[in-house]
Amino acid sequence: TGCCCTPLQLHLWSYCSVFCLGSIGWLLFISNLLIFVGNSTYLDDHGPPPQKVLPFPSQVVYNRVGKCGSRTVVLLLRILSEKHGFNLVTSDIHNKTRLTKNEQMELIKNISTAEQPYLFTRHVHFLNFSRFGGDQPVYINIIRDPVNRFLSNYFFRRFGDWRGEQNHMIRTPNMRQEERYLDINVCILENYPECSNPRLFYIIPYFCGQHPRCREPGEWALERAKLNVNENFLLVGILEELEDVLLLLERFLPHYFKDVLSIYKNPEHRKLGNLTVTVKKTVPSPEAIQILYQRMRYEYEFYYYVKEQFHLLKRKFGLKSHIRKPSPRPEFFIPSPLETEEPINDEEEDDEKWLEDIYKR
């Protein structure tokens, strides 16, 4: 009684008992050892484990704009997440860009609780995390010439891409034949809903946000979109200069985008990407183009603003740009590396399964 031996001394005594008491001593030694180990913890022996060091920023959102190269970037992100070990978070909902207040709260909660470092991507208009008490993540995005984006989507909806026109028609069985083969000039000149506002007011809401006025073509939505670009977006790139966009992403977010340009230039990647180039695109008449340009004047004001900011950023980091004054009309069908469809409306069927299929090959 009244033993004041330390645990280590007790174990030494038990060890000696092995020789003194044979098998009984061995059992006693094992018993005491198990008791000692059972009462010990990692913290007792080593102190607290080191905390996981997160890169900064560790929360990134890519609220990708439809028909602006997002298929390219998502495919790259899948490869990069495996390579660099960040958490790529995607959504099963691809075609609901406008959310109710409750839907915003739920989505922000789900994003905020994802394991960090994460990069969340979805077609969705800008979300203000701080409004609902969350930490505001860093946003990134890519846009393109508005008329180019519209025309590419117009023909993609009807004829798909190089993956096969017939397969695309099977995916859009509800489109009437007269709608599928509607001449683009007729659509524009006769003011069909698809070729007029508010359907043409498409890019700005991704940056303006979830306020109802963000969907109304006008100065209010335009200025709010510009403000959000300045305050919440680390980078908004231009699809026509995608390689420079990737270079800047690698510079700003190396934990996510290191080696992205070499992966992008890999011939195997480019071979898969070429399957998504929209087919059967035709150029509208000059009159129709001028009408589109006028209907999309706010979209163009935003596009030129973003383009100017992007070029300033490139110059700051030593990337040369061939900057010209905005032409009286936009240039059309500038070759883009990879096409991506937009979510046409909130009810349209998920159209991104092809990417998972390619990635699994």
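The chain appears in an unreviewed UniProt entry as Uronyl 2-sulfotransferase from Serinus canaria. Database annotation for the chain, UniProt heading Subcellular location (unreviewed entry): "Golgi apparatus membrane".

(A) Structural detail: the side chain of aspartate 145. Take aspartate 145: it is sitting in the loop between β4 (138-143) and α6 (146-159). The buried charged residue aspartate 145 lacks any salt bridge, with arginine 144 as its nearest oppositely charged partner at 6.9 Å. At a separation of 3.0 Å, a polar atom in the side chain of aspartate 145 contacts the main-chain amide nitrogen of asparagine 148.

(B) Representation of the packing of aromatic side chains within the structure. A complete count under the given rule lists 15 aromatic pairs for this structure. Between phenylalanine 207 and phenylalanine 302 the ring centres are 5.1 Å apart and the planes differ by 45 degrees, which places this aromatic pair in the tilted class. Taken together, the residues phenylalanine 207 in helix α10 (residues 205-208) and phenylalanine 302 in helix α17 (residues 297-316) connect sequence positions 95 residues apart. Pair check on accessibility: phenylalanine 207 and phenylalanine 302 agree, each one buried. Aromatic ring contacts, followed pair by pair, group Phe126, Tyr139, Phe207, Phe233 and Phe302 into a single cluster.

(C) Focus on helix α12 (residues 242-252). Of all the residues in α12, the buried ones are Leu242, Asp244, Val245, Leu246, Leu248, Leu249 and Phe252. Those residues of α12 hidden inside the fold are in contact with α4 (70-84), β4, β5 (233-238), α13 (254-257), α14 (260-264) and α17.

(D) Up close: the environment of proline 286. Position of proline 286 among the secondary structure elements: in helix α16 (residues 286-295). Along the primary structure proline 286 and asparagine 185 are separated by 101 residues, whereas in three dimensions their C-alpha atoms are 9.7 Å apart.

(E) Geometry of the pattern of salt bridges. Under the definition given, this model contains 11 salt bridges. Here lysine 83 ties to aspartate 259 by a salt bridge, and the two come within 3.7 Å at their closest N and O atoms. Here lysine 83 is found in helix α4, whereas its partner aspartate 259 is found in the loop between α13 and α14, with 176 residues between them in sequence. Assessed through its relative accessible area of 27%, aspartate 259 is described here as partly exposed. Here glutamate 243 makes a salt bridge to lysine 265, at a shortest N to O gap of 3.7 Å. Here glutamate 243 is found in helix α12, whereas its partner lysine 265 is found in the loop between α14 and α15 (267-273), with 22 residues between them in sequence. Residue glutamate 243 is classed as partly exposed on the basis of its relative accessible area of 33%. A single salt-bridge network, built from bridges that share partners, covers Arg157, Arg158, Glu179 and Glu194.

(F) Local environment of the state of the cysteines. Under the counting rule described, the total for this entry stands at two disulfides. Residue cysteine 187 pairs covalently with cysteine 195 via a disulfide, S to S 1.9 Å. Judged by the sign of its S-S torsion, about 105 degrees, the cystine formed by cysteine 187 and cysteine 195 is right-handed. Here the two residues cysteine 187 and cysteine 195 agree in accessibility, since each one is buried. Residue pairing for cysteine 208: its cysteine sulfur links by disulfide to cysteine 214, the two sulfurs lying 2.0 Å apart. For the disulfide bridge between cysteine 208 and cysteine 214, the dihedral angle about the S-S bond is near -65 degrees, and by the sign convention the bridge is left-handed. Taking the relative accessible area as the measure of exposure, cysteine 208 reaches 1% and is therefore buried.

(G) Spatial organisation of the pairing of strand β1 (residues 59-62). Alternating residues of β1 divide into Gln59 and Val61 and Val60 and Tyr62, and every residue in both groups is buried. When β1 meets strand β3 (residues 118-121), the two strands line up parallel, connected through four bridges. Counterpart to valine 60 in the pairing with β3 is leucine 119. Where β1 and β4 come together, three bridges link them in parallel fashion. Opposite tyrosine 62, over in β4, you have isoleucine 140 as the bridge partner.

(H) Here's a closer look at the pairing of β3. By the alternation rule, side chains of β3 split into Tyr118 and Phe120 and Leu119 and Thr121, which are all buried. With three bridges joining them, strand β2 (residues 87-89) and β3 adopt parallel strand pairing. If you follow valine 89 over to β3, its bridge partner there is phenylalanine 120. Once the chain exits β2 it traverses helix α5 (residues 101-112) before rejoining the sheet at β3, and the crossover so formed is right-handed.

(I) Looking closely at the packing of helix α11 (residues 219-232) against α17. The N-to-C vectors of α11 and α17 enclose an angle of 20 degrees; their axes lie 10 Å apart at closest approach. The pairing of α11 with α17 is recorded here as roughly parallel in orientation. As for how α11 packs across α17, the hand of that crossing is right-handed. Across the interface between the two elements, Glu219, Leu222, Ala225, Lys226, Val229 and Asn230 of α11 pack against Tyr298, Glu301, Phe302 and Tyr305 of α17. By residue class, the composition of the contact of α11 with α17 is six nonpolar, one polar and three charged.

(J) Just the nonpolar core, in detail. Of all hydrophobic cores here, the largest spans 81 residues; its most connected members are Leu119, Ile143, Phe150, Ile204, Phe207, Phe257 and Phe302. With seven residues, the single largest contributor to this core is α17. Setting aside residues no more than four positions away along its own chain, isoleucine 204 makes contact with Ala221, Leu222, Ala225, Tyr298, Glu299 and Phe302.

About the thresholds
Residues numbered from 1 in each chain as written. Predicted model: local features only at pLDDT ≥ 70, side-chain atom pairs only at ≥ 80, totals over all residues. Heavy atoms only, no water. UniProt positions renumbered as here; feature names shortened; annotations may be inferred. Helix = DSSP H or I, 4+ residues; strand = E, 2+ residues; numbered from the N terminus. Buried < 20%, exposed > 50% of the residue type's maximum accessible area, 1.4 Å probe, protein only. Lys, Arg positive; Asp, Glu negative; His and termini not counted. Salt bridge = Lys/Arg side-chain N within 4 Å of Asp/Glu carboxyl O. Polar contact = N/O pair within 3.5 Å; in protein donor to acceptor, adjacent residues only side chain to side chain. Phe/Tyr/Trp six-rings, centres within 6.5 Å; stacked < 30°, edge-to-face > 60°. Contact = heavy atoms within 4.5 Å. Disulfide = S-S within 2.5 Å. Pairing = 2+ DSSP bridges. Right-handed = clockwise from strand over helix to strand, strands pointing away. Axes fitted to C-alpha atoms, helices over the stretch in contact; angles between N-to-C directions. Parallel < 35°, antiparallel > 145°, perpendicular 65-115°, else oblique. Left-handed = near helix turned anticlockwise from the far one by under 90°. Nonpolar A, V, L, I, M, F, W, Y, C, P; charged D, E, K, R; others polar. Core = buried A, V, L, I, M, F, W, Y, C linked by side-chain atoms within 4.5 Å.

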